[in-house]
Amino acid sequence: MKIENKPFPKDFLWGGATAANQCEGAYLEAGKGLSTVDVIPAGEDRFPVMLGNLKMLTCDDSHQYPSHEAIDFYHKYKEDIALFAEMGFKTFRLSISWTRIFPNGDDEKPNEAGLKFYDAVFDECLKYDIEPLVTITHFDVPIHLVKTIGSWRSREMIGHYERLCEVLFDRYKDKVTYWLTFNEINMLLHLPFIGAGLLFDEGDDVLSVKYQAAHHQLVASALATKIAKRINPNFKIGCMLAAGVTYANTCAPEDVFKALTKDRENYFFIDVQSRGSYPNYALKMMENAGISLNIEPDDLEILKENTVDFISFSYYASRLTSADPKVSAQTEGNVFASLKNPYLKASEWGWQIDPIGLRTTLNTLYDRYQKPLFIVENGLGAVDEPDEKGYVEDDYRIEYLRAHIKAMRDAVVEDGVELMGYTTWGCIDLVSASTGEMKKRYGFIYVDKDNEGVGTLKRTKKKSFEWYKNVIKSNGTIL
Ligand code: BG6
């Protein structure tokens, strides 16, 4: 049989992905508390705030805050899930808003109204045989914990996170099987406030703060796995990496080694979560940088004994690096610094489009970990121009997804990579995490709202909606 006719595995989980803060809105409704993502404004202050360099821990009238209404999934989830079901989704990835469950993070009891909301969302999914895939935290820390203990700087966060997991696993043990502990855990290094609620003062040893916070998250993630298996041994727990292979700018050995080092910066987290110990290269890097972690006696055993069941990751683009300081033509708009790759085209936001890079990433991760993989984010952020009826002919999005699904099929069918599923990012238009814009759209479903927050929030199917429906129906043989 020709490769293009070979279907994906029988139980392959096709679907789409979202995050609470980028779609729910209702930011203070039904007892929800304020979270880091609620105080990150749109506009020019966004980046300094996400980096942890500009402190803004409350909202003010001079800024616009995209998470406050987002696309109002909180009130429209039934309509949205019905549309996902119409496309034939087998799974829907969403995240829990921590402050719907514990408004301050350290409350004695969880907020019943928040728990009920996710009960309703999961029931709606299950009604259509859609398997929920739940990210426990997706760029989300209660502001109260940032103010009182400095978020993941503090070891106390582990206990608060454990309580959150305990409540979620117990409440939803019969509704949810697949859990991810932290979204893009390596984002902590690149955008520390959105990634982990970290703020910096002058004189801080920034790298030490980041790696200590990473240690806390890694222990918390391992403890989540431990709690999960006690509550329901059938749970499947995954880690989540912002992935994308790094190429060397030339075949000069210095460039090749630099690319290896860059990739390790990100693999570090997954090496710990999947293999259960700190890799030697990371221990040496910390020693050379003068970073001395506070590790408690049981921590290393906790990491060793509670590794993840599967590796999930986001993939949008590959990266390019050089050891030569004179080579410096960076791409724009990337959270991960990358040189311009002359062989690749880029999206309107400068993200370099590279389907073969996805095949390489899949193979690299599978070779390294030998555990099932799950692509939980992939997609094209683009400006859509609806016609007078609100219909969008998004052939460019179809083209992007088709090429990536083909590459993914090559990895599975040709190379033997074990892949559990594929959820495209922003299956319905939602707020962009990096820019806070609405006009950077990823969805199969158009949402009528602009960057200024104006619009009816009406949902309209795009051309890609029918296309993706057929991809799922044919289990990836009709692209
Ligand atoms: C990932 C995040 O970094 O990329 C998502 O997990 C985010 O939250 C997605 O939305 C796409 O990035 P952006 O900046 O285009 O929204």
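Heads up: the structure comes first, above all this text.
Residues numbered from 1 in each chain as written. Predicted model: local features only at pLDDT ≥ 70, side-chain atom pairs only at ≥ 80, totals over all residues. Heavy atoms only, no water.

Details of the overall build of the protein chain
Step number 1: In terms of helices and strands, the protein chain carries 16 helices and 12 strands.
Step number 2: Compactness check: the protein chain gives a C-alpha radius of gyration of 21 Å against a globular reference of 23 Å for 479 residues, within 12% of the reference.
Step number 3: Expressed along its principal axes, the backbone C-alpha trace of the protein chain runs to roughly 55 × 55 × 50 Å.
Step number 4: A buried classification covers 60% of the 479 residues belonging to the protein chain.
Step number 5: Across the protein chain, contacts joining residues at least 24 apart in sequence account for 76% of those joining residues at least 6 apart. (Helix = DSSP H or I, 4+ residues; strand = E, 2+ residues; numbered from the N terminus. Rg over C-alpha atoms; globule rule 2.2 N^0.38 Å. Buried < 20%, exposed > 50% of the residue type's maximum accessible area, 1.4 Å probe, protein only. Contact = heavy atoms within 4.5 Å.)

Describing the nonpolar core
Step number 1: Of all hydrophobic cores here, the largest spans 148 residues; its most connected members are Trp152, Phe268 and Met408.
Step number 2: Looking at this core element by element, the count peaks at 13 residues for helix 10 (residues 206-231).
Step number 3: Discounting residues that sit within four places of it in the chain, phenylalanine 268 has contacts with Tyr211, Ala214, Leu218, Tyr278, Pro279, Tyr281, Ala282 and Met286.
Step number 4: If you look at the next biggest cluster of nonpolar residues, it comprises nine residues, including Leu13, Met240, Phe310 and Met420. (Core = buried A, V, L, I, M, F, W, Y, C linked by side-chain atoms within 4.5 Å.)

A word on the site of the ligand
Step number 1: Surrounding the ligand, one finds 14 residues, the nearest of these being Gln22, Glu184, Ala433, Ser434 and Tyr442.
Step number 2: One nitrogen or oxygen atom from the side chain of tyrosine 316 is found 3.4 Å from an oxygen atom belonging to the ligand.
Step number 3: The contact in question runs from an oxygen atom of the ligand to an N or O atom on the side chain of serine 434, over 2.5 Å.
Step number 4: In the complex, 96% of the free accessible area of the ligand, which totals 380 Å², lies under the protein chains.
Step number 5: At a threshold of 2 Å from the grid points, most atoms of the ligand map onto the largest cavity. (Near = heavy atom within 4 Å. Polar contact = N/O pair within 3.5 Å; in protein donor to acceptor, adjacent residues only side chain to side chain. Areas by Shrake-Rupley, 256 points an atom, 1.4 Å probe, with all protein chains shown as cover. 1 Å grid on protein atoms, 1.4 Å probe; cavity = no way out; pocket = protein on both sides within 12 Å on 5 of 7 lines; lining within 4 Å. Sits in = over half its atoms within 2 Å of the grid points.)

Some points on the side chain of glutamine 217
Step number 1: Within the secondary structure, glutamine 217 is located in helix 10.
Step number 2: Taking relative accessible area as the criterion, glutamine 217 reaches 2% and is therefore assigned buried.
Step number 3: Ignoring sequence-local partners within four residues, the contact set of glutamine 217 consists of Trp152, Phe182, Ile185, Leu188, Gly195 and Ala196.

Remarks on the sheet that holds strand 5 (residues 236-243)
Step number 1: The strand order around the closed barrel formed by eight strands is 1-2-3-4-5-7-9-10, and the pairing between neighbours is parallel. Pairwise comparison of adjacent strand axes, ignoring direction, gives a mean angle of 25° for this sheet.
Step number 2: Sheet topology note: the strand 3 (residues 131-137)/strand 4 (residues 178-182) ladder contains four bridges and is parallel. Pairing of leucine 133 across the sheet is with tyrosine 178, part of strand 4.
Step number 3: On top of the sheet, helix 10 reaches strand 4 and strand 5; it is set at about 160° to strand 4, its chief contact. (Pairing = 2+ DSSP bridges. Axes fitted to C-alpha atoms, helices over the stretch in contact; angles between N-to-C directions.)

Structural notes on the packing of aromatic side chains
Step number 1: Tallied over the full model, the rule gives 31 aromatic pairs.
Step number 2: The ring of phenylalanine 102 has arginine 163 sitting right over it, with the charged end atom 4.7 Å from the ring centre.
Step number 3: The ring of tryptophan 351 carries lysine 440 above its face, with NZ or CZ at 3.7 Å from the centroid. (Phe/Tyr/Trp six-rings, centres within 6.5 Å; stacked < 30°, edge-to-face > 60°. Lys NZ or Arg CZ within 6 Å of the ring centre and 35° of its normal.)

Comments concerning empty space enclosed by the protein
Step number 1: Within this structure, the stated rule accounts for seven cavities of 30 Å³ or more.
Step number 2: Lining of the largest cavity is provided by 28 residues; of these, Glu184, Met187, Tyr316, Val335 and Trp351 occupy positions nearest its centre.
Step number 3: Contributing to the lining of the second largest cavity are 14 residues, with Thr137, Phe182, Asn183, Gly195 and Gln217 lying nearest its centre.
Step number 4: Across the lining of the second largest cavity, the residue classes break down as seven nonpolar, five polar and two charged. (Points joined across faces, edges and corners; volume = space filled by probe spheres on them. Nonpolar A, V, L, I, M, F, W, Y, C, P; charged D, E, K, R; others polar.)

So, helix 3 (residues 73-87)
Step number 1: For helix 3, with 15 residues, the first-to-last C-alpha span of 18 Å runs short of the 21 Å given by 1.5 Å per residue.
Step number 2: In the structure, helix 3 departs most strongly from a straight axis at glutamate 79, where the bend amounts to approximately 40°.
Step number 3: Those residues of helix 3 not exposed but buried are Phe73, Tyr74, Tyr77, Asp80, Ile81, Leu83, Phe84 and Met87.
Step number 4: Of the residues flanking the end of helix 3, it is glycine 88, one or two places downstream, whose phi is positive at about 90°. (Expected span 1.5 Å × (residues − 1). Bend = angle between axes of the 7 residues up to and from the residue.)

Some thoughts on the layout of surface pockets
In this approach a probe as big as a water molecule rolls over the atoms, and the regions it shows empty are the leftover space.
Step number 1: Here the largest pocket defines a volume of roughly 270 Å³.
Step number 2: Lining the largest pocket are 18 residues; nearest its centre among them are Lys262, Thr321, Phe336, Ala337 and Ser338.
Step number 3: Of all the secondary-structure elements, those providing two or more residues to the lining of the largest pocket are helix 11 (253-275) and strand 8 (319-321).
Step number 4: Among the elements that take part in the lining of the largest pocket, helix 11 stands out by supplying four residues, more than any other.
Step number 5: Residues belonging to the lining of the largest pocket are distributed by class as follows: five nonpolar, eight polar and five charged.

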